[in-house]
Number of protein chains: 2
Amino acid sequence: MNYKFVQNLSVPAQTKIAMIIMDGLGGLPLEPGGKTELETAHTPHLDELAAQSALGLTIPVGPGITPGSGPGHLSIFGYDPFQYEIGRGALEALGVDFDLGPNDIAARGNFCSVDEAGLVTDRRAGRIPTETNKELAKLLRTIRMEGVEFFIETIKEHRFAFVMRGSGLGEAVTETDPQKTGVPALPVNALQPDSQKTARIANQFIERARKLLVDKRPANMIMLRGFAKYPVLPTYQEIFGLRAAAIALNGMYRGVAKLAGMQVVKVDGDTLADEFTALELNWKDFDFFYLHVKKTDTAGEDGDFFGKVRAIEEVDALMPRLLALKPDVIIVSGDHSSPALLRSHSWHPVPTLLYSRYVRADHIAEFGEGACTRGGLGILPAKDLMPIALANAQRITKYGA
Amino acid sequence: MNYKFVQNLSVPAQTKIAMIIMDGLGGLPLEPGGKTELETAHTPHLDELAAQSALGLTIPVGPGITPGSGPGHLSIFGYDPFQYEIGRGALEALGVDFDLGPNDIAARGNFCSVDEAGLVTDRRAGRIPTETNKELAKLLRTIRMEGVEFFIETIKEHRFAFVMRGSGLGEAVTETDPQKTGVPALPVNALQPDSQKTARIANQFIERARKLLVDKRPANMIMLRGFAKYPVLPTYQEIFGLRAAAIALNGMYRGVAKLAGMQVVKVDGDTLADEFTALELNWKDFDFFYLHVKKTDTAGEDGDFFGKVRAIEEVDALMPRLLALKPDVIIVSGDHSSPALLRSHSWHPVPTLLYSRYVRADHIAEFGEGACTRGGLGILPAKDLMPIALANAQRITKYGA
């Protein structure tokens, strides 16, 4: 559904909505006929909440489509993931908490190795230590050009975020990573006239970088890819009338939440319990809370079935602290599935729970993939969840006479 | 979802997908509270496969819409049945294995009876024997005109396929069948300027045919309807990267598969077992196999409930031969429903089974309409099934960063 439609029906209310996103929540059994990670986990609090909730399965992007973190989050936040796209570069910059401006061009950078002839010998420069990366980033920051500002932010190992700030920079340019070794890195080419300046400046930067790094083997060259501006989204305040807070330990999720106009609140510490403390401390100041759980996805991508089970159980154990705040609406879901069996994101629909005093509960006292298949929300596009949450929060009025 | 979207995410793999289409599979109980044809059939192999599969119901065209064979097949093949249309004429020509070219105009022809005043007295010429039709077709083939070639292919009884081949022939023309008796057949009129040549030549052909048939009562005239070119579809190779094979005993289904770029493989014999033999013989040479089962629909349209039950049981008995090939993904579904109770195609959603090692099985050990209603695929547009099959075959990569 179009957000403008929902926006037009939006009415003020005093209600509060809490959205707990367990990253990569959906799973698969290790053996045919077995239980998924969520079904294996001992989750007494979620099961009890499920009995008073409507359950369902959300499809983040489309049937059979495996979403990246960007489209996965945009859709559960209620945005059409086809209409808004967060490019790789923008996502990486958000991931290091870089404060991207609307005219900045971000790219994902790699240190790499080239031989005397300039042919790429290692696309990841032997995965240099992060400390080395930080030293080399300082060197790259010495590159200056008239009318444009550069930012180089170390991510990890050979990876860094690269940002160009200046006027007249378009994002429609090609990448320099040839995706294989034994060939030279590619030049940046403009795909549209408005991006010619971007291409010219990026090529000059790369040439300057090559000269600076010439004796820094194995990291004696850089490659840039995923050039992107960030998409300008209508904010939660604008479309839903919500003062929204984001609680996340990882920059990428804080960044995507910022795009939606959420205020990123401070988490004192780096545990899930610390995130729940931040929730409590900010409870009175916002209408909507997005709380991101990273460990479920990390374990899934590592193929660590029982690590993912424990991560889910950790959330369950903290649920009483959320329930004590008496939210009017609670969503528990994921941005996509990450079955340990596949060691990656996957296309499978995501188990979803929606609690409110006014939800039509389906009386299934279990939160799991099988239970959600039988649930009252059915199988629905993830972007349709927010309007249902807003309705349950009595924040949408009647349509039509 | 747009096929271009899937096309952009398509990646190569060694996996194989088998799609068994039981024509008109969906059914209804004969008595309220009873079982459908599929639920009545003894299907131990399909039931066992169902337990390891995700079940669902596919909607071929739209809620409440009864599909013809053309849209039914296009949608289960993954095409939008609103975007691509196979006209009646093209479908009839495909049905007699006519090798339609991209500029050919095909129409469905009827021999009919007219009186001395030229008024239609029988739209089907008393359903003349097929042998008579073949004799008259030879006569019509003697009609020649400058710059255009005609093809007349007997279908059955009074029906034939009519094809015009030449340059500058559009398909936007009216039909000559007045759909009632006591009136003259209508002239062919162009609906668009690009189809004026088609109308002129078709009218000349009909006039020449009338003269040739004048003493051939009851088949002393012809009517043409459903003028159409065939739609140019993006092929399975182009959009899904699949080398696809089609196995079908009836020309119409071979024809529709050819439109999708599938290679029609030889079936030595005319039984379902012969089709499975063709599947085995071609297994190593293709990535995707479409195997069409006709008898289910024939029995449904004949109102033969137990004939349809037996046709389904025949498929079940042959399933071990498919399973022995160890496909990575198996789809068992239909192109539409044909309940014996209705003696026709119907609008009811179609029972669908999708098996793979990576499907999220719903542990329902039964393949039937009721079981599919509770399944993990939910109720979904038939055209969304192929992306899910491709995902399970690990032939689609992640969307977005």
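Counting from 1, residues in each chain are numbered in the order their sequence is written. Chain labels run from A onward and ligand labels from 1 onward, assigned in the order the entries are written. Reporting of local features is limited, given that this is a predicted model, to residues whose pLDDT is at least 70; pairs of side-chain atoms are given and counted only at 80 or more, and all residues count toward the totals for whole chains, interfaces and linings. Only hydrogens and water are set aside when side-chain values are computed; all heavy atoms of the structure are taken into account.

A.B. asks: For the overall build of chain A, give the residues involved together with the corresponding values.
C.D. replies: Scanning chain A from terminus to terminus reveals 14 helices and 13 strands. Here the globule rule reads 2.2 Å times residues to the power 0.38, and the radius of gyration is calculated from C-alpha atoms. Against the globule reference of 21 Å for 401 residues, chain A gives a C-alpha radius of gyration of 23 Å, in line with a compact fold. For chain A, the C-alpha atoms occupy an extent of roughly 70 × 50 × 40 Å along the three principal directions. Taking all 401 residues of chain A together, the buried fraction comes to 57%. Total accessible area on chain A is roughly 16200 Å²; 50% of this is exposed by carbon and sulfur atoms. Treating the 43 positive side-chain charges of chain A as one cloud and the 48 negative ones as another, the clouds have centres 4 Å apart. By definition, any uninterrupted DSSP run of H or I lasting at least four residues is a helix, any uninterrupted run of E lasting at least two residues is a strand, and each is numbered from the N terminus. Burial classification: accessible surface area is computed with a 1.4 Å probe over protein chains only, and a residue below 20% of its type maximum counts as buried, one above 50% as exposed, and the rest as partly exposed. Here the open area of atoms and residues is found with the Shrake-Rupley method and a 1.4 Å probe, where only the protein chains shown may cover a residue. Residues scored as positive are Lys and Arg, those scored as negative are Asp and Glu, and His as well as the terminal groups of each chain are ignored. To locate a charge, take NZ of a lysine, CZ of an arginine, CG of an aspartate or CD of a glutamate.

A.B. asks: Can you explain the sheet that holds strand β8 (residues 244-247) of chain B? Please cite residues and give values.
C.D. replies: All names here are of chain B. Strand pairing is assigned whenever DSSP identifies at least 2 bridges connecting the two strands. The eight strands lie next to each other as β9-β8-β10-β1-β11-β12-β2-β13, forming an open sheet whose pairing is mixed. Looking along the sheet, the strands with just one partner apiece sit at the ends: β9 (263-264) and β13 (378-381). In this sheet, strand β11 (residues 329-333) lies alongside strand β1 (residues 17-22) in parallel orientation, the contact comprising five bridges. Within β11, the residue paired with Ile 20 across the bridge is Val 332.

A.B. asks: A description of the layout of surface pockets should follow, citing residues and the corresponding values.
C.D. replies: Residues and elements named next belong to chain A. In this analysis the probe radius is 1.4 Å and the grid spacing 1 Å, with only protein atoms considered; a cavity is a set of points the probe fits into but cannot get out of, a pocket is an open set with protein on both sides within 12 Å along at least five of seven lines, and lining residues have an atom within 4 Å of a point. Grid points are joined across faces, edges and corners, and a volume is the space filled by probe spheres set on the points. There is about 1200 Å³ of room inside the largest pocket. Elements represented by at least two residues in the lining of the largest pocket include exactly α5 (88-95), β3 (105-114), β5 (149-156), α9 (251-259) and α11 (295-301). Residue classes in the lining of the largest pocket are distributed as 11 nonpolar, 13 polar and 15 charged. Of the pockets and cavities examined, the second largest pocket occupies roughly 900 Å³. Any residue that is not Ala, Val, Leu, Ile, Met, Phe, Trp, Tyr, Cys, Pro, Asp, Glu, Lys or Arg is counted as polar, Gly included; the first ten are nonpolar and the last four charged.

A.B. asks: If you had to explain the relation of the copies chain A and chain B to someone new, which residues and values would you point to?
C.D. replies: One copy of the chain maps onto the second through a rotation around an axis plus a translation along that axis. Our superposition of the copies is a least-squares fit, built on the C-alpha atoms of residues whose pLDDT is at least 70 in both. When chain A is fitted onto chain B, the two copies agree to an RMSD of 0.2 Å after a turn of 124° and an axial shift of 0.1 Å. Both copies are brought into coincidence by an operation consistent with a three-fold rotation axis. Scanning chain A for the C-alpha nearest the rotation axis identifies Arg 374 of chain A, at a separation of 3.8 Å.

A.B. asks: Please provide a residue-by-residue account of the pattern of salt bridges, values included.
C.D. replies: Here, a salt bridge means any side-chain nitrogen of Lys or Arg that lies within 4 Å of a carboxyl oxygen of Asp or Glu. Taken as a whole and judged by the stated rule, the model has 40 salt bridges over all chains. Put simply, Glu 92 of chain A and Arg 88 of chain A hold a salt bridge, and the shortest N to O gap is 2.6 Å. Placement of both Glu 92 of chain A and Arg 88 of chain A in helix α5 is noted, with a separation of four residues, approximately one turn of the helix. Since its relative accessible area comes to 26%, Arg 88 of chain A is described here as partly exposed. A salt bridge links Glu 92 of chain B to Arg 108 of chain B, with the nearest nitrogen and oxygen atoms 3.0 Å apart. Here the residue Glu 92 of chain B occupies a position in helix α5 (residues 88-95), and Arg 108 of chain B occupies one in strand β3 (residues 105-114), the gap between them amounting to 16 residues. Judged by its relative accessible area of 7%, Glu 92 of chain B is buried. Bridged by salt links that share partners, the residues Arg 88, Glu 92 and Arg 108 of chain A form one connected network.

A.B. asks: So what's going on with the environment of Leu 38 of chain B? Residues and values would help.
C.D. replies: Residue and element names in this part refer to chain B. Relative to the helices and strands, Leu 38 resides in helix α2 (residues 37-40). Note on Leu 38: relative accessible area 1%, which makes it buried. On a C-alpha basis, the gap between Leu 38 and Pro 351 in space is 8.8 Å, while along the polypeptide they are 313 residues apart. Apart from the residues lying within four places of it in its own chain, the contact partners of Leu 38 are Leu 25, Ile 312, Pro 351, Phe 367, Gly 368 and Glu 369. Throughout, a residue-residue contact means that at least one pair of heavy atoms, one from each residue, lies within 4.5 Å.

A.B. asks: If you had to explain the environment of Ser 337 of chain A to someone new, which residues and values would you point to?
C.D. replies: Residue and element names in this part refer to chain A. Along the polypeptide, Ser 337 turns up in the loop between β11 (329-333) and β12 (350-356). What makes Ser 337 buried here is its relative accessible area of 0%. Within 3.5 Å is the distance limit for a polar contact, defined as a pair of N or O atoms, with the added protein rule that one can donate a hydrogen and the other accept it, and that residues adjacent in sequence qualify only through two side-chain atoms. Among the polar contacts made by the side chain of Ser 337, one reaches the main-chain carbonyl oxygen of His 348 at a distance of 2.8 Å.

A.B. asks: Any chance you could break down unusual backbone geometry for me, citing the residues and the numbers?
C.D. replies: All names here are of chain A. Note that the residue after Arg 217, namely Pro 218, is joined by a cis bond; omega there is 10°. In this fold, Pro 218 is placed in the loop between α7 (196-212) and β7 (221-228). With phi around 55°, Arg 343 is a residue other than glycine that occupies positive phi space. Tracing the backbone shows Arg 343 in the loop between β11 and β12.

A.B. asks: A description of the side chain of Ser 53 of chain A should follow, citing residues and the corresponding values.
C.D. replies: Residues and elements named next belong to chain A. Here Ser 53 is to be found in strand β2 (residues 53-59). Residue classification places Ser 53 among the buried residues on the basis of a relative accessible area of 0%. Here the side chain of Ser 53 touches Leu 49 through a polar contact of 2.6 Å, landing on its backbone oxygen. Those residues within four positions of Ser 53 in sequence are excluded, and the remaining contacts are Leu 353, Leu 354, Tyr 355, Val 359, Ala 361, Asp 362 and His 363.

A.B. asks: Kindly report on helix α14 (residues 385-392) of chain A, identifying the contributing residues and their values.
C.D. replies: Residues and elements named next belong to chain A. Among the eight residues of α14, six are classified as buried, and the element is accordingly described as predominantly covered. Among the residues of α14, Leu 385, Met 386, Pro 387, Ala 389, Leu 390 and Asn 392 are the ones counted as buried. Immediately beyond the C-terminal end of α14, within one or two residues, lies Gln 394, with a positive phi of roughly 55°.

A.B. asks: Give a description of the side chain of Asn 133 of chain A that names residues and reports values.
C.D. replies: Residue and element names in this part refer to chain A. Inspection of the secondary structure puts Asn 133 in helix α6 (residues 130-140). Classification of Asn 133 as buried rests on a relative accessible area of 0%. A distance of 2.7 Å separates a polar atom in the side chain of Asn 133 from a polar atom in the side chain of Thr 154. Among residues more than four places away in sequence, those in contact with Asn 133 are Phe 111, Ile 128, Thr 154, Lys 156, Glu 157, His 158, Arg 159 and Phe 160.

A.B. asks: Residue-level account of the pairing of strand β6 (residues 159-165) of chain B, with values.
C.D. replies: Residues and elements named next belong to chain B. Within β6, five of the seven residues are buried, which leaves it mostly tucked inside the rest of the structure. Note: β3 against β6, six bridges, orientation antiparallel. When the sheet's bridge partners are listed, Gly 109 is paired in β6 with Phe 160. Note that strand β5 (residues 149-156) and β6 share seven bridges and pair antiparallel. Following the sheet pairing, Lys 156 is matched in β6 by Arg 159. Connecting the antiparallel pair β5 and β6 is a turn made up of two residues, with Glu 157 showing a positive phi of about 50°.

Just geometry here; none of it tells us what the structure is for.
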